[in-house]
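Descriptive structure summary
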There are 2 protein chains.
Amino acid sequence: MTTRNIRKTNNEMKGRAVTSQRKLLLDILRKSGGHISAKELYRSASRRNESISLATVYRSLQLFKELDLVEERRLGQVFCTYEMKESAEHQHLVCRSCGKVIEFESPLIRRLVEALKHEHGFNLTKIELYMEGYCKECAKNASDIV
Amino acid sequence: MTTRNIRKTNNEMKGRAVTSQRKLLLDILRKSGGHISAKELYRSASRRNESISLATVYRSLQLFKELDLVEERRLGQVFCTYEMKESAEHQHLVCRSCGKVIEFESPLIRRLVEALKHEHGFNLTKIELYMEGYCKECAKNASDIV
DNA sequence: TATATTTTGAGAATGTTTCTCATTCTCATC
DNA sequence: GATGAGAATGAGAAACATTCTCAAAATATA
Ligand SMILES: [Zn+2]
Ligand SMILES: [Zn+2]
Ligand SMILES: [Zn+2]
Ligand SMILES: [Zn+2]
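The rules behind the values
Residues numbered from 1 in each chain as written. Chains lettered and ligands numbered in written order. Predicted model: local features only at pLDDT ≥ 70, side-chain atom pairs only at ≥ 80, totals over all residues. Heavy atoms only, no water. Salt bridge = Lys/Arg side-chain N within 4 Å of Asp/Glu carboxyl O. Helix = DSSP H or I, 4+ residues; strand = E, 2+ residues; numbered from the N terminus. Buried < 20%, exposed > 50% of the residue type's maximum accessible area, 1.4 Å probe, protein only. Least-squares fit on C-alpha atoms with pLDDT ≥ 70 in both. Contact = heavy atoms within 4.5 Å.

1. Notes on the pattern of salt bridges
Applying the stated criterion across every chain, the model contains 20 salt bridges over all chains. Linking Asp-27 of chain A and Lys-31 of chain A is a salt bridge whose minimum nitrogen-to-oxygen distance equals 3.2 Å. Placement of the pair is Asp-27 of chain A and Lys-31 of chain A together in helix H1 (residues 20–32), with a separation of four residues, close to one helical turn. Note that Glu-132 of chain B and Arg-96 of chain B form a salt bridge whose closest N and O atoms lie 3.5 Å from each other. Residue Glu-132 of chain B is located in strand S6 (residues 123–134), and its partner Arg-96 of chain B is located in the loop between strand S4 (91–95) and strand S5 (101–104); the two are separated by 36 residues in the primary sequence. Given the relative accessible area of 47%, Arg-96 of chain B is considered partly exposed. Counted as one network, the salt bridges with shared partners bring together Asp-27, Lys-31 and Arg-48 of chain A.

2. A few points about the relation of the copies chain A and chain B
Each of the two chain copies goes to the other by way of a rotation about an axis and a shift along it. If you rotate chain A by 180° and push it 0.1 Å along the axis, it lands on chain B with an RMSD of 0.1 Å. Seen this way, the second copy is the image of the first under a two-fold rotation axis. Nearest to the rotation axis, the C-alpha of Leu-129 of chain A is located 2.1 Å from it, this being the minimum over chain A. A symmetric contact is evident, with 100% of the interface residues of chain A recurring at the interface of chain B.

This is the structure:
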């Protein structure tokens, strides 16, 4: 088997420069398991690259969004959280008491998208179902107190 | 018919002071038809009360939320928008091109809530389905260009 | 009306995200 | 491997939404 000089189409970055900062940030994002904020990402990256700038983190996240590599969501807080898009499409359930995030997905959502396309002629690009409440444990503890 | 001195149970404000600022803000919210930002509300209120403070607007919105009078939603932007809760429960569809907001509601959402309650024992307090895309008109214009 | 409690205005402070610009890095080409 | 044009970076300033502080004013209750 000969190793031919195949032009490496830099698939993931679609022609944008592959810098050490971007590699580092993607690596952290992949290993983080999702729902990481820009600041957390920055702190995490700083441990491996002393001089990385918060601006670079934000700029990279912006780029990753454009390249469809990461997904940006707001989970109740003012700030956004980020996670790799490789994981299956899902929605979020956040506990107001303990902050736990439950991910779930449901066929009902796909049906809803279809219905909206038909009824309003809307071409959807983003679906965010955000739900907040009290998880089983926290609801239980609250009722124990009363 | 005698006018008895009935203790006016300040229903809406549940014992909290009824100030001119709060009355003004509720009035604007009611007449605005929904999806108004804190800043817009502030500007609107300033026209009728020169000296009202932006902090008062934020504090009042906080209170109205607690009293369950208004609902706070994020429609894609960094800032929140507010609308009276009197209107039927609904969800939002926002056009990325023209900014148009379409309100809709669907029985599928109620079914989803039931399913989540059963599957995860989650006691839901807030449901925000936010969808983004291109409306019929904007999608059409875009394809005309191409 | 008098008094205790809330609320307000103004501006400072906070927290997140974006911008600016001089310097550095990347990558296609030689 | 060296070169150069263009892209990306670091550092801090700026922008933006939101919250906090505190003295002064308004409100509710008796
Ligand atoms: Zn919980
Ligand atoms: Zn997730
Ligand atoms: Zn549109
Ligand atoms: Zn609405």
